[in-house]
Amino acid sequence: MDAQTPMFPSAYDLNAPAGAEGWEELYPYYLTFQPGLRAKEDQKFWFCDSQHWPNPFKPFDAVTVEFAVKCLGQYNTRHYLVPPANGVDYRIHNGYCYMSPIAVAPELIEGRIPQFMDRAGHYFQNWPSLLENWHKKVRANIDAMEALNFEKLPETVPVEDVKGGVGLDNTTQLTEAYDRAIQLLYRTWQYHFEFLNLGYAAYLDLFGFMKEQFPSIPDQAIAKMVQGHDSDLFRPDDELKKLARLAIELGVAGALKAGSVDEALANVGTLPNGEKWLAAWERAKDPWFNYTTGNGFYSTDKYWIEHLDIPMGYLRDYIVRAEAGETIERPTAKLHAERDRITGEYQEMMDPEAQEVFQGKLGLARVVYPYVEDHNFYIEHWSMGVFWKKMRQLSKLLHQEGFWPTEDGMFYLTRNEVRDVLFDYGNAWATGGEWIGPSYWPQEIERRRGIIDALSTQPPQPALNNPPEVITEPFTIMLWGITSESIKNWTGGDSDSSDLTGMAASPGVVEGLARVIRSPDQLDEIQEGEILVAPVTAPSWAPVFGKIQATVTDIGGMMSHAAIVCREYGLPAVTGTGNGSSRITTGQKIRVDGNTGQVTVLD
Amino acid sequence: MSAYTLPFDRIGSGDHARVGGKCASLGEMTQAGVAVPPGFAVTTEAYVAFLDETGLRAEVEKQLERTDFDDVASLDRSAQAIQIRFRSHHLPEHVEQAIRADYEQMGADMPVAVRSSATAEDLPDASFAGQQDTYLWVVGSDDVVEHVRDCWASLFTARAMKYRHANTLGQIDVLMSVAVQKMVNARAAGVAMTLDPLNGDRTRIVIDASYGLGELVVSGIVTPDNYSVEKVLMEVVDRKISDKTVELIPDPAAASTVEREVTGDRRTAQCLSDAEILAVAQLAKRLEKQNGCPQDVEWALDADLPEGENLLALQSRPETVWSQKAKAKPKSAYATGLAGIVGALNNPIGAKSQ
């Protein structure tokens, strides 16, 4: 490569696919690469975050990247003053988001250390009590979101309000509820990052220490030392397993196996022990069915609580397997023993001084690390589930009022355009005239839908412009698994070779038939014993992990959700292959080596 | 039982000097329940009796007096003369009886390996020992007795004499025990080190393996497959499959072994299954734990034993190269607590390479 040619293209040279012209107008001005800033923007290295956002954003859904990445940054930059790292800049280009970490100028790093020690130190020292408080805050936030209600504007202001001298109409509640929903979402994402970066920092410290002690130690061995096996993230799946066992015990398993969810539940209700089982099912739903098959970042994510056929399908699967004498429960006692064995054996290979240091770092990592797993349930699943439910409710209401022809129309508007629509709705209601929206939005939404569909036909670039000599930004490494080496893999991808290289994320070697899955809706296509190949997986795909032999993903590092779940379920995994899901096709025989990170197409 | 032989399962910790390093290790392994081909040690007392009761000691000493250790020709002549003297004597009757009796105990016409177990073998640089004086597929007590004598004679190769002279070890004072061990019908065999010999990495177990008996691996005549196993996770992390051109296999008709060309796809196939690689690694790891230090283990897979019971340890000795190096101290003192976290954030060095 010569000095003039950057390793990756400039965003300014990447045109939109045909039919997607004008996509920029779908997002706020600060989210797109502005023509006047080309010289500056081209100097920065941007990598695509298709791990969290694998599909082009509908305009409303862009709120997830805005709030999430803004809040990630605020903690580094303004709360804790993480010495070398500020936040992460982000842009949307051709529908995908690109990230660029902002480093602290070297001469300023030293000066931030005392403040970091004071502020972050307080969190590390008071972790359990602060975390207890976090749970209260997040719970209150969820409750407030649940309490929001979007109702059709009535024919008249209720007479009680008039006589009670309230002096306000029903649009007030409606617009305030919408603003409140957005504000609660904003809080959700601030809470998300309150502990997360610190959890990763403590892990990074342990990680660096272990690599210094044992340069060849597999990343996954260090990950296993801190992994908790009773994380709330695994509770939804565990609840289904318990329900399966209970169904067999109470003799209602047969009734559950056939018909729609409603039919099955009604059938159970007629049985002698049916009420008992139904009560257990209801208890499990709150909160554990606030669980998505997606990752919480899209308005289209399906949540169990609203799609009971999803957990019912998994439940039926578990019943069949349990009846066949299989152990469906996770072997947590064995996993705990294994974690202790691994920790002990590495420790034995250290000298006594290092052993003491190791104990300190491991101790802290084990206190803080469970948050890294647990938070996912409370934020991405539970909080986001409630948020999307409320937003779908609002979208449906406006659909019924004629603003758009489909229930999901609102998600083709930006969050600020929704405020305009609510004003339009309330305005005409107040004047007694006609809403403008119904004559404007249907065709505009149709146009936007066409743009999004066109954007979806073109995969993102892995990165833009030139990477730095070495990646030293700690959160890029931890959160996105991006290292100088992985970048080399993106460019060195020899598409003729039958070999793919990624991260050895979970150990073991297997051969089997590939099943390429591009969306959670395809999950039911997976057959027993296949190897799951996907651009990215979500932790909530857990129930299918009982069926598959191994996982291969395009995106993700050691601590990606796919890696965590695979280690938990004892399946080999290779993550971050770059383009495994487009190079491998369903039905091909492949070999997955989770020890070396190699994936070989055998056909 | 005489003092001249000692079955592996009776060798105690106090017997080290009498049975030599190799037999002592076989004894320890046997008693720790590690699968080892059965056998017995011919003790140094038997050797001393041979020297003293046949007049051999005086003959050797006389020859040594005439030897110019700096003159290659003189040294060669002396070595040959001494070896001829060794072979001109029968073993003392009671020594021979003891060997025959223990051999018969193993079963009629049991093929055995007869190997030296020198007491000098544990010297740091004694890597010459125990290599050339190994006799495989020996059958019948006459041949066993004869090869025990050959092992003793092998103390007086020119190379061994020169080595002892250079290291100011007494020539006739170095004693030798001999191991008589049931022959393994090895489908594959080799060596396992409980650290990476290239860099001393203790998290790895590195295995060399090839077809047939392990001698060709040890002597370097074939380039073996080379596997690397992560010691804690017990996962195969690297495998280099080589072209294994020959194998050493038993030749029962000749009561010996024969080198045979490996043909076809077998040459470049992985000679151990992954499960077998892990079994060898598990064995080596166990021996390291038992001995409390990194080990160099010779092992074989016996074709005559059922799967799951067919992996045998032939020898385990302390690794000497890396174990003697002082461990490099870390460049700076460890940063702990918050300072450690700041250090990790500022320089996430470990995270750069996978």
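All values derive from a computational prediction rather than experimental measurement.

By the element assignment, A:D340 lies in helix α13 (residues 332-348). Residues A:D340 and A:V226, spaced 114 residues apart in sequence, show a C-alpha to C-alpha distance of 9.9 Å.

Now for the interface of chain A and chain B. Each partner contributes to the interface: chain A provides 45 residues, whereas chain B provides 30 residues. Secondary structure elements with two or more residues in the side of chain A that touches chain B: α3 (106-125), α6 (170-213), α7 (219-226), α13, α14 (352-400), α17 (474-480) and α18 (484-491) of chain A. Looking at which element gives the most residues to the side of chain A that touches chain B, the answer is α6(A), with 9 residues. Of the residues that constitute the side of chain A that touches chain B, the class distribution is 28 nonpolar, 9 polar and 8 charged.

Residue and element names in this part refer to chain A. Taken in spatial order, the 4 strands of this open sheet run β2-β3-β1-β4, and their pairing is antiparallel. One side of each edge strand has no neighbouring strand; the edge strands of this open sheet are β2 (85-93) and β4 (463-464). The strands touched by helix α2 (residues 62-79) within the sheet are β2 and β3 (96-103), with β2 carrying the most contacts at an inclination of about 165°.

All names here are of chain A. Running from N to C, α6 and helix α15 (residues 415-431) point in directions that differ by 175°, and their axes come no closer than 10 Å. The angle between α6 and α15 places the two elements in the roughly antiparallel class. On the side of α6, the interface is formed by T171, L174, T175, Y178 and I182, while α15 contributes R415, V418, R419, L422, G426, W429 and A430.

So, on to the sheet that holds strand β5 (residues 499-501) of chain A. Residue and element names in this part refer to chain A. Pairing in this open sheet of 8 strands is mixed, and the strands run β5-β12-β11-β7-β8-β9-β10-β6 from one edge to the other. Among the strands making up the open sheet, the edge pair consists of β5 and β6 (503-506). Geometrically, the sheet is characterised by an average inter-axis angle of 30° between neighbouring strands, direction not taken into account. Note that strand β11 (residues 589-593) and strand β12 (residues 598-601) share 4 bridges and pair antiparallel.

Okay, the domain arrangement of chain A next. Residue and element names in this part refer to chain A. If you check the domain split of chain A, you get domain 1 (1-124 + 431-492), domain 2 (125-219 + 362-430), domain 3 (232-329) and domain 4 (496-601). Each of domain 1 and domain 2 was reduced to a C-alpha centroid, and the two centroids are 21 Å apart. The interface is formed by 34 residues belonging to domain 1 together with 33 residues belonging to domain 2. For the side of domain 1 that touches domain 2, the secondary structure elements donating two or more residues are α2, α3, α16 (437-456) and α17. Residues of the side of domain 1 that touches domain 2, tallied by class, amount to 23 nonpolar, 6 polar and 5 charged.

On to the pairing of strand β6 (residues 186-193) of chain B, then. Residue and element names in this part refer to chain B. By the criterion of burial, β6 is predominantly enclosed, with 8 of the 8 residues buried. Here 7 bridges tie β6 to strand β12 (residues 295-302), and the two strands are oriented antiparallel to one another. Looking at β12, one finds that M193 is bridged to D296. Strand direction decides the pairing type here: β6 and strand β7 (residues 204-211), joined by 6 bridges, are antiparallel. Paired with A188 across the strands is Y211, a residue of β7.

All names here are of chain B. Assigned domains of chain B: these are domain 1 (5-182) and domain 2 (186-318). The centre of domain 1, based on its C-alpha atoms, is set 26 Å off from the matching centre of domain 2. Of the residues lining the interface, 15 residues belong to domain 1; the matching set on domain 2 comes to 17 residues. Counting residues per element, the ones that place at least two in the side of domain 1 that touches domain 2 are α1 (16-31) and β4 (134-138). Among the elements that line the side of domain 1 that touches domain 2, the one with the most residues is α1, at 4 residues. Among the residues forming the side of domain 1 that touches domain 2, the class breakdown is 10 nonpolar, 4 polar and 1 charged.

Residue and element names in this part refer to chain B. End to end, helix α5 (residues 93-105) covers 18 Å across 13 residues, agreeing with the expected 18 Å (1.5 Å per residue, within 8%). Taken residue by residue, α5 has V95, E96, A98, I99, D102 and Y103 as its buried positions. The buried residues of α5 all sit within an arc of 160° when viewed along its axis, so they share a single face. Those residues of α5 that are exposed and angled more than 90 degrees off the buried face are E93 and Q105. The elements touched by buried residues of α5 are β1 (5-7), β2 (39-42), α2 (44-53), α6 (141-153) and β5 (176-182).

What follows is about unusual backbone geometry. Residues A:D286 and A:P287 are joined by a peptide bond in cis, for which omega reads 10°. Inspection of the secondary structure assignment puts A:P287 in helix α11 (residues 274-288). Phi is positive for A:L81, close to 55°, though the residue is something other than glycine. Notably, B:W137 is not glycine yet its phi reads approximately 55°, a positive angle. Residue position: B:W137 is located in strand β4. Overall, the presence of 22 C-beta atoms within 10 Å leaves B:W137 in the buried class.

All names here are of chain B. Between helix α4 (residues 72-87) and helix α7 (residues 158-166), the least distance of the axes is 9 Å, while the angle of their chain directions is 115°. With respect to α7, the axis of α4 lies roughly perpendicular. Seen from above, α4 lies across α7 with right-handed handedness. Mapping the contact onto sequence places L75, D76 and A79 in α4 and A158, M161 and K162 in α7. Among the residues making up the contact of α4 with α7, the classes are represented as 4 nonpolar, no polar and 2 charged.

All names here are of chain A. Of all the positions in helix α10 (residues 261-269), only A264, L265 and V268 are classed as buried. Down the axis of α10, the buried side of the element spans an arc of 95°, and every buried residue falls inside it. Looking at α10, the residues exposed on the side facing more than 90 degrees away from the buried face are D262 and E263. The secondary structure elements touched by the buried residues of α10 are α9 (253-256), α11 and α12 (309-323).

Calculation criteria
Residues numbered from 1 in each chain as written. Chains lettered and ligands numbered in written order. Predicted model: local features only at pLDDT ≥ 70, side-chain atom pairs only at ≥ 80, totals over all residues. Helix = DSSP H or I, 4+ residues; strand = E, 2+ residues; numbered from the N terminus. Contact = placed C-beta atoms within 7 Å. Nonpolar A, V, L, I, M, F, W, Y, C, P; charged D, E, K, R; others polar. Pairing = 2+ DSSP bridges. Axes fitted to C-alpha atoms, helices over the stretch in contact; angles between N-to-C directions. Parallel < 35°, antiparallel > 145°, perpendicular 65-115°, else oblique. Domains from an automatic or database assignment. Buried ≥ 20, exposed ≤ 12 C-beta atoms within 10 Å, placed from the backbone. Expected span 1.5 Å × (residues − 1). Arc of directions from axis to C-beta. Left-handed = near helix turned anticlockwise from the far one by under 90°.

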